[in-house]
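Survey of secondary and tertiary structure
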Amino acid sequence: MADPDSSIGFLVGDVARLLRRNFNRRAQALGLSQAQWRALAYLSRQQGVSQASLADRLEIQPITLVRLLDHLQAAGLVTRRADPHDRRAFRLYLTDKAQPLLARMWSIAAQTREQALAGMPIQRQRMLTKSLRHLRQNLLQAEDSTTANGQKDKRIRNAANA
C-alpha cells in the first residue's frame, strides 16, 4: 500500500485543506462564509467578471452563486451591472465598502501564510512556489491536450487566469 505522506496529491490536498481551516479560524470575526470570502477574493482579482464565469471559477452551480451574490449585494459589498453585450448577463463589481474587508482578508491570508512557512528559508519558499506553478502548468497542459477538438473548456482557461 502506498504511503499518503509520500503522495504529492495527498500532501497538496492536505496542505490546501489546512490552509483553508487556518484562514477560516482567523476570519470568523469577519462574518463571512468561506464561499463568500472566496467570491470576494476572485472579484478583487478580476472586476467585471460575469456571474457564469465566477461560478465556474468557484466550482459551484450558478444558482448557488446567485444566492451567495444576493447576500453580498444586500451587505453592500458587490454590485451587479448589466452586461453591455448580453442583456441576459450581469457583470460583477466590488463596492468601496468591500475594500476595507478585503484588506483585512489579505492581512489574515498573510498571517496564515507566515505560519505555514515558518522556519522555511526564503529560497525554499521561492522554490516551493516555482514548483507548484510548474505542476499547475503541466496539469493544465495535460487537460488541454485531452479536451475534445483541441478546444479548452472554461474551467481550464479560468484556472490558468486565476
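To start, this report covers the structure provided alongside it. Fair warning: this is a prediction, and the values are worked out from it, not measured in the lab. (Residues numbered from 1 in each chain as written. Predicted model: local features only at pLDDT ≥ 70, side-chain atom pairs only at ≥ 80, totals over all residues. Heavy atoms only, no water.)

Ordered by their spatial adjacency, three strands build an open sheet running β1-β3-β2, and the pairing between neighbours is antiparallel. One side of each edge strand has no neighbouring strand; the edge strands of this open sheet are β1 (49-50) and β2 (78-83). (Pairing = 2+ DSSP bridges. Helix = DSSP H or I, 4+ residues; strand = E, 2+ residues; numbered from the N terminus.)

Taken together, the side chains of Ile8, Val12, Leu128, Leu132 and Leu135 make up a nonpolar region of the molecular surface, amounting to roughly 400 Å² of accessible area. Listing elements by their share of the nonpolar patch, those giving two or more residues are α1 (8-27) and α6 (122-146). Among the elements that line the nonpolar patch, the one with the most residues is α6, at three residues. Exposure remark for Val12: the relative accessible area of 41% places this residue in the partly exposed category. (Patch = residues over 30% accessible without salt bridge, like charges linked within 9 Å, V, L, I, M, F, W, Y side chains within 5 Å. Areas by Shrake-Rupley, 256 points an atom, 1.4 Å probe, with all protein chains shown as cover. Salt bridge = Lys/Arg side-chain N within 4 Å of Asp/Glu carboxyl O. Buried < 20%, exposed > 50% of the residue type's maximum accessible area, 1.4 Å probe, protein only.)

Turning to the packing of aromatic side chains, a few remarks are in order. Geometry of an aromatic ring pair is reported as the spacing of the ring centres plus the angle between the planes. Going through the model one piece at a time under the given rule, you end up with one aromatic pair. Relative to Trp37, the ring of Phe23 has its centre 4.3 Å away and its plane inclined at 50°; by these criteria the two rings are tilted. In this pair, Phe23 is assigned in helix α1 and Trp37 in helix α2 (residues 34-45), connecting sequence segments 14 residues apart. Positioned above the aromatic ring of Tyr93, the side-chain terminus of Arg81 is 3.9 Å from the ring centre. (Phe/Tyr/Trp six-rings, centres within 6.5 Å; stacked < 30°, edge-to-face > 60°. Lys NZ or Arg CZ within 6 Å of the ring centre and 35° of its normal.)

Of all the eight residues making up helix α3 (residues 51-58), six are buried; the element is thus mostly covered by neighbouring parts of the structure. Phi turns positive one or two residues past the end of α3, at Glu59, with a value near 55°.

Right, let's talk about the packing of α2 against helix α5 (residues 98-117) for a bit. Where α2 meets α5, the axes come as close as 11 Å, and the angle between the chain directions of the two elements is 105°. On the basis of their axis angle, the class for α2 and α5 is roughly perpendicular. Listed contacts from α5 to Trp37, Leu40, Ala41 and Ser44 of α2 are Leu101, Leu102, Met105 and Trp106. Grouping the amino acids of the contact of α2 with α5 by side-chain chemistry returns seven nonpolar, one polar and no charged. (Axes fitted to C-alpha atoms, helices over the stretch in contact; angles between N-to-C directions. Parallel < 35°, antiparallel > 145°, perpendicular 65-115°, else oblique. Contact = heavy atoms within 4.5 Å. Nonpolar A, V, L, I, M, F, W, Y, C, P; charged D, E, K, R; others polar.)

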